[in-house]
Amino acid sequence: MGFFLLGCSALLLLISLIVWFLWRRNRRRVQAVQAKVVENVRRRDARGRPLYFPVLEFQWEGENKRLESAFGWGWEQFQPSERVSAFYDPRHDRMAVKPPVGPGVLALCFFVISLLCLVGGSMMLAAML
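Residues numbered from 1 in each chain as written. Predicted model: local features only at pLDDT ≥ 70, side-chain atom pairs only at ≥ 80, totals over all residues. Heavy atoms only, no water.

### Looking at the overall build of the chain
Broken down by element type, the chain carries 2 helices and 5 strands. Reading the chain from its N end, one meets helices and strands in the order α-β-β-β-β-β-α. Its C-alpha atoms give the chain a radius of gyration of 21 Å, more than 25% over the compact-globule value 14 Å for 129 residues. Dimensions of the chain, computed from C-alpha atoms along their principal axes, come out at roughly 70 × 35 × 20 Å. Taking all 129 residues of the chain together, 29% fall into the buried category. (Helix = DSSP H or I, 4+ residues; strand = E, 2+ residues; numbered from the N terminus. Rg over C-alpha atoms; globule rule 2.2 N^0.38 Å. Buried < 20%, exposed > 50% of the residue type's maximum accessible area, 1.4 Å probe, protein only.)

### Quick notes on the pattern of salt bridges
Close approach of charged atoms lets side chains of opposite charge pair. Per the counting criterion, the structure on display carries 4 salt bridges. Arg66 serves as the salt-bridge partner of Glu57, at 3.0 Å between the closest nitrogen and oxygen. By relative accessible area, Glu57 is classed as partly exposed at 26%. Salt-bridge contacts for Lys65 lead to Asp93; the nearest nitrogen and oxygen are separated by 3.3 Å. Of this pair, Lys65 sits in strand E3 (residues 63-68) while Asp93 sits in the loop between strand E4 (83-89) and strand E5 (94-97), and the two are 28 residues apart along the sequence. Overall, the relative accessible area of 36% leaves Asp93 in the partly exposed class. (Salt bridge = Lys/Arg side-chain N within 4 Å of Asp/Glu carboxyl O.)

### Thoughts on unusual backbone geometry
In this model, Glu61 sits at a positive phi of 50°, which is unusual for a non-glycine residue. Positive phi outside glycine occurs at Asp93, with the angle close to 50°.

### Here we look at the nonpolar core
Burial of nonpolar side chains together is a common tendency in soluble globular proteins. Within the largest apolar cluster, 14 residues are counted, with the highest numbers of intra-cluster contacts made by Val33, Leu56, Phe58, Tyr88 and Met95. Listing elements by their share of this core, those giving two or more residues are strand E1 (31-44), strand E2 (50-60), E4 and E5. When neighbours within four sequence positions are excluded, Tyr88 is seen to be in contact with Val30, Gln31, Val33, Phe58, Trp60, Lys65, Leu67, Asp93, Arg94 and Met95. (Core = buried A, V, L, I, M, F, W, Y, C linked by side-chain atoms within 4.5 Å. Contact = heavy atoms within 4.5 Å.)

### As for the side chain of Ser69
Mapped onto the fold, Ser69 is located in the loop between E3 and E4. For Ser69, a relative accessible area of 2% puts it in the buried group. Not counting residues up to four positions away in its chain, the partners in contact with Ser69 are Phe53, Pro54, Leu56, Met95, Ala96 and Val97.

### A short note on the state of the cysteines
A covalent bond bridging the sulfur atoms of two cysteines is what the word disulfide describes. Within this structure, the stated rule accounts for 0 disulfides. Cys109 takes part in no disulfide bond, and the closest cysteine sulfur to it belongs to Cys117, at a distance of 13 Å. Between Cys117, a cysteine without a disulfide, and Cys8, which holds the nearest cysteine sulfur, the sulfur-to-sulfur distance is 5.6 Å. (Disulfide = S-S within 2.5 Å.)

Laid out in structure tokens, this is it:
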């Protein structure tokens, strides 16, 4: 059981490092902007359930832009004329509303769980000796 916990610890540590690295790389590429929700576009997913994609209006380099968010939700999370924080990727001309809990928090959670598994596995192996 101790070796299993050590293996889980190594795997979770690797996952947390990958998530953190990808999040940091993505954060350098995008710019945080303040946007206004203009409307919610409704589409259906592969199972036929509705998804709502907010259309956001914001200013970029002196001109007004209007883009649909790259990610949708299963409910109308944002109301028209609501102000939101969003990420804009000028290289791909894409927009995404800032999530309340980002990948950095997820990476931190994986890291803490991996440390707990490491301590638990080490204690189990020490008890066996």
